[in-house]
Structure formats: C-alpha cells, structure tokens
Amino acid sequence: MSHPTLYSPEATAAALPYPELAKAIAALLRDPAVKVPARTVLPLPAGGVLIAMPATDARVAITKLISFVADNGARGLPAIQGDVIVFDARDGRRLALLDGPTVTARRTAAVSLLAAQRLAPRTDGPLLIVGAGVQGRAHLEAFASGLGVKQVRVASRSATSADALVAHARNLGLDAIRVDDADAALPDCPLVVSATPAQAASLHATPRDDAFIAAVGAFTPAMLEWAPEVCRHIAARGTLAVDTRDADHEAGDLLQAGLDVPAVATLADWLDRPRPSGPVFFKNCGWAGWDLAAARLVAADLIDTTP
C-alpha cells in the first residue's frame, strides 16, 4: 500500500510559489474536466464550523477538510486548521497530504494576484493591506512576487500585528510603513487588499478612480469589510468582479449593499476580456477549485503521467 507524501507548512508553501500558482489557477479555470460540488459546512458546538471541500479533474482529486473558529486567536490557535488530501483520480491512491491553512492562505492570495494581473488599472502600487493576519501576509507576499510591488502600507486594529507585518515586508526588501487610518491611506494607494475579520465595515472612504480592491475577509452574507455605499459607488463608476458563482450567496460586502451579485462577472469571465477602466472591486470568497489548482502543482511531481 502506498503512503502519501506528507508536506509540512513550510514544504507546502515552498511547493506553491505565488506566480506559478496564479498561472495554475488560470489554467484550471479553462479546464472543462474540473468538477467542484458545493462545500459542506457543519456547525460545531462551540460556534466554529467544519468545512469539507471536494474537487476533481481528469487526473487529480482532492478533499480539503478544515475547521474555522473565528475567535481562536484568543486561545493562541490559528482560526483555520486542517489538511488537503490529494488523490490520483484514476486509481484512487493518496498522493499527498498538504497543510490546509497554508494552502488556503496561498491559493486565496494567488486568486487575488491573478485578478489584479487581469483587472487592475495599474499594478505598481503602493499597496494598502488592511488586516495584518495570515491573509494580509500572504497577499503582501503574492503582490510583491507577482506584481513587483515595492511600496506597502499596513493598517490593522492591532498596532503590534501591523508592525510585525511591516517588519516582514522590510525583510523582503520592500518600503513599508504602518498607517493608523486605512480610509486616509486610500487616496495614495491604487492597490488595496482588505483581509479583516469582517465583523463590521472597516473601510468607508471612496477609493481612487484607478483603484483595484481585493476584498477577502467577508465570505458569508452576514460579513462585510466595506461600507455599502462604497460598493455601490464602485458599481456605478467602475467594475465589480467575483471569484466564482458561489459568491452569489456568499459575497457579504456586495449583498449587504443591495447589489445584483448574480449579474456580476466572475474571474473566469474576465480571462478573455480587455482590462476594464475605472475602479475595480474584486470579491474573493473561496472555492475548492483553488485548492485543486494548488494540488495540481504538487501532484505534477507525484502522479504517473503515462496515458
């Protein structure tokens, strides 16, 4: 019996460089063999959720099984815990066990990177990161490596967290500073990533006319990061985009603004469209297909490619 290759968080990260992962995501969106059923979300007794996310193509199948407990920071634990199991879709062999939180962080940031590559009016920055947690760090790394961003501004409710992310950015060779008012920083930043806990609107100011916003924190109808009037402003003056059609019932920022989310084009729609003009609001909610794209990168070195 074969045993799967076990990837530590560090090995999982090393196997998933952001630029290559963004390319893998674009390739997956063009693959008609990809099948992604709806995720299963099971509430846990203490208020968290257990999430099962399967997906397959003609050669690779995965199931991501993770728990999400929003207040785990107070316990000294990560909010997301779990694994991604990678299978050979032809014979069912387990190929790899990837670290779930690392896959989630990197594939989410790679989706935002791909969206910025395709949709952002300008990609030179400065980049404003709002929220200095795992996703803030991953997006900083992804935009630096995939777009060549050199200047970063970090805003967070926790000055300690913001300072830690600024220090990380500087270690990467970036010009980074902490800002205490995210709204006040918007006029200086054509690239914006919001990755907050999304329990209430954190951003209320109008972004630049050439802004690209990747809104990451809100992934249920009850969550939001951006004030509804900001979303309506961008819908009227620029472009809305969502990662997949699952956002129709998950994109809290857009749903709470009363916008017609099913009419909004997806990332797959934008792969073959010209770059839009005006501000862009990209809602990144999550999808098991992104985990499958990550697994395909890893499985390329593990799977038997003979027909």
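Summarised in this report is the structure supplied together with it. (Residues numbered from 1 in each chain as written. Predicted model: local features only at pLDDT ≥ 70, side-chain atom pairs only at ≥ 80, totals over all residues. Heavy atoms only, no water.)

Okay, the sheet that holds strand β10 (residues 191-194) next. Read from one edge to the other, the open sheet built from 7 strands follows the order β9-β8-β7-β10-β11-β13-β12, with strand pairing classed as parallel. In this open sheet, the two strands that pair with only one neighbour each are β9 (175-178) and β12 (239-242). Going from strand to strand, the sheet's axes swing by 15° on average, the running direction of each strand aside. Two strands pair when backbone bridges link them, and strand β11 (residues 212-215) and strand β13 (residues 280-283) are joined in this way by 4 bridges, in the parallel orientation. Looking across to β13, one finds that I213 is bridged to F281. Against the sheet, helix α4 (residues 134-147) contacts β7 (127-130), β8 (151-155), β10 and β11, and its axis sits at roughly 165° relative to β7. The sheet strands contacting helix α7 (residues 228-237) are β11, β12 and β13, and the helix crosses β12 at an angle near 110°. (Pairing = 2+ DSSP bridges. Helix = DSSP H or I, 4+ residues; strand = E, 2+ residues; numbered from the N terminus. Axes fitted to C-alpha atoms, helices over the stretch in contact; angles between N-to-C directions. Contact = heavy atoms within 4.5 Å.)

A few words now on the environment of A22. The topology assignment puts A22 in helix α2 (residues 18-29). On the accessibility criterion, A22 (3% relative accessible area) is buried. Each C-alpha atom, one on A22 and one on V84, is 18 Å from the other, the two residues being 62 residues apart in sequence. Apart from residues lying up to four places away in sequence, A22 is in contact with A110, L113, L114 and Q117. (Buried < 20%, exposed > 50% of the residue type's maximum accessible area, 1.4 Å probe, protein only.)

Between the first and last C-alpha of helix α5 (residues 159-171) there are 18 Å, a value that for 13 residues agrees with the 18 Å anticipated at 1.5 Å per step. Listing the buried residues of α5 in full gives A162, L165, V166, H168 and A169. Take α5 and look down its axis: the buried residues cluster within an arc of 160°, on one side only. In α5, the exposed residues that point more than 90 degrees away from the buried face are T160 and N171. (Expected span 1.5 Å × (residues − 1). Arc of directions from axis to C-beta.)

Its location among the elements puts D99 in strand β6 (residues 94-99). In this structure, D99 is buried with no salt-bridge partner, the nearest side chain bearing the opposite charge being R106 at 9.9 Å. At 2.5 Å, the side chain of D99 forms a polar contact with the side chain of T102. Not counting residues within four places of it along the chain, the set of residues in contact with D99 comprises Y7, S8, P9, T12 and G82. (Lys, Arg positive; Asp, Glu negative; His and termini not counted. Salt bridge = Lys/Arg side-chain N within 4 Å of Asp/Glu carboxyl O. Polar contact = N/O pair within 3.5 Å; in protein donor to acceptor, adjacent residues only side chain to side chain.)

The side-chain alternation of strand β3 (residues 49-56) yields one buried face, formed by V49, I51, M53 and A55, and one unburied face, formed by L50, A52, P54 and T56. Both strand β2 (residues 40-43) and β3 contribute to a ladder of 4 bridges, which runs antiparallel. Looking across to β3, one finds that V41 is bridged to I51. Counting the residues between successive antiparallel strands, the hairpin from β2 to β3 contains 5 residues, one of them, G47, with a positive phi of roughly 115°. Two elements, β3 and strand β4 (residues 60-68), share 8 bridges in a ladder whose sense is antiparallel. Considered in β4, the bridge of L50 is made with S67. Counted between consecutive antiparallel strands, the loop separating β3 from β4 contains 3 residues.

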